[in-house]
Amino acid sequence: IRAFYLARGLGDVYKVHDYAPAEGAAAIFGLDAPAAALTLTYANAVGAEETLTVTVGLPIGDGGRYVALSGDSNIYRMEETSLVQLLTLAETGLK
């Protein structure tokens, strides 16, 4: 749950209907060969360093993409407009 709220800072993240994905679901949602992955390092409430990885999968067709959050088995939906910069960076690299 904490990963979900941390990711909300990146943009609109909504839970997908599959709260407990079956084995192989990552491939169906394009998360086994992601379009991009972003790992954030942050200080938790007691100042200890933690990380959160947001993995971006396939487009949904309604302006969203499937995303997975490290430490959370759910698969979420995130607005593609919130991911434009991350997807562009993944495609073109740093310049």
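Residues numbered from 1 in each chain as written. Predicted model: local features only at pLDDT ≥ 70, side-chain atom pairs only at ≥ 80, totals over all residues. Heavy atoms only, no water.

Let us look at the overall build of the protein. The secondary structure content of the protein amounts to three helices and five strands. The N-to-C order of helical and strand elements in the protein reads α-β-α-β-β-β-β-α. Within the protein, the proportion of its 95 residues that are buried is 35%. Taking as baseline every contact in the protein between residues at least 6 positions apart, the subset at least 24 positions apart corresponds to 47%. Counting only carbon and sulfur atoms, one obtains 55% of the accessible surface of the protein, whose full area is about 5,800 Å². (Helix = DSSP H or I, 4+ residues; strand = E, 2+ residues; numbered from the N terminus. Buried < 20%, exposed > 50% of the residue type's maximum accessible area, 1.4 Å probe, protein only. Contact = heavy atoms within 4.5 Å. Areas by Shrake-Rupley, 256 points an atom, 1.4 Å probe, with all protein chains shown as cover.)

Sheet topology note: the strand E2 (residues 36–43)/strand E3 (residues 49–59) ladder contains eight bridges and is antiparallel. From the neighbouring strand, Leu38 faces E3, where its bridge partner is Val54. Hairpin connection of E2 to E3: five residues between the antiparallel strands, including Gly47 at a positive phi of 90°. (Pairing = 2+ DSSP bridges.)

Moving on: the confidence of the model for the protein. When the pLDDT values of the protein are averaged, the result is 81; 78% of them are 70 or greater. Mean pLDDT across the elements of the protein ranges from a minimum in helix H1 (residues 2–8), with 54, to a maximum in E3, with 91. (pLDDT = per-residue confidence, 0-100.)

For the rest of this paragraph, the subject is the nonpolar core. Note on soluble globular proteins: their nonpolar side chains tend to be buried together. Ala36, Leu52, Val54, Val56, Val67, Leu69, Tyr76, Met78, Leu83, Leu86 and Leu87 form the largest nonpolar core, which has 11 residues in total. For this core, the secondary-structure elements that each account for two or more residues are E3, strand E4 (64–69), strand E5 (75–79) and helix H3 (84–92). Broken down by element, the residue count for this core peaks at three residues, all from E3. Not counting residues within four places of it along the chain, the set of residues in contact with Val67 comprises Leu31, Val54, Thr55, Val56, Ile75, Tyr76, Met78 and Leu83. Core analysis: the second largest hydrophobic core is formed by six residues, Ala25, Phe29, Leu31 and Ile75 among them. (Core = buried A, V, L, I, M, F, W, Y, C linked by side-chain atoms within 4.5 Å.)

Time to look at the side chain of Arg65. Along the chain, Arg65 turns up in strand E4. Overall, Arg65 belongs to the buried group, its relative accessible area being 12%. Within polar-contact distance, the side chain of Arg65 engages the backbone oxygen of Gly57 at 2.6 Å. Beyond its immediate sequence surroundings of up to four residues, Arg65 is in contact with Ala35, Val56, Gly57, Leu58, Pro59, Ile60, Tyr76, Arg77, Met78, Glu80, Leu83 and Leu87. (Polar contact = N/O pair within 3.5 Å; in protein donor to acceptor, adjacent residues only side chain to side chain.)

The next thing to look at is the side chain of Asn44. Residue placement: Asn44 occurs in the loop between E2 and E3. Classification of Asn44 by relative accessible area gives buried; the value is 16%. There is a polar contact of 3.0 Å between the side chain of Asn44 and the backbone nitrogen of Val46. Polar contacts involving the side chain of Asn44 include one to the side chain of Glu50, which spans 2.6 Å.

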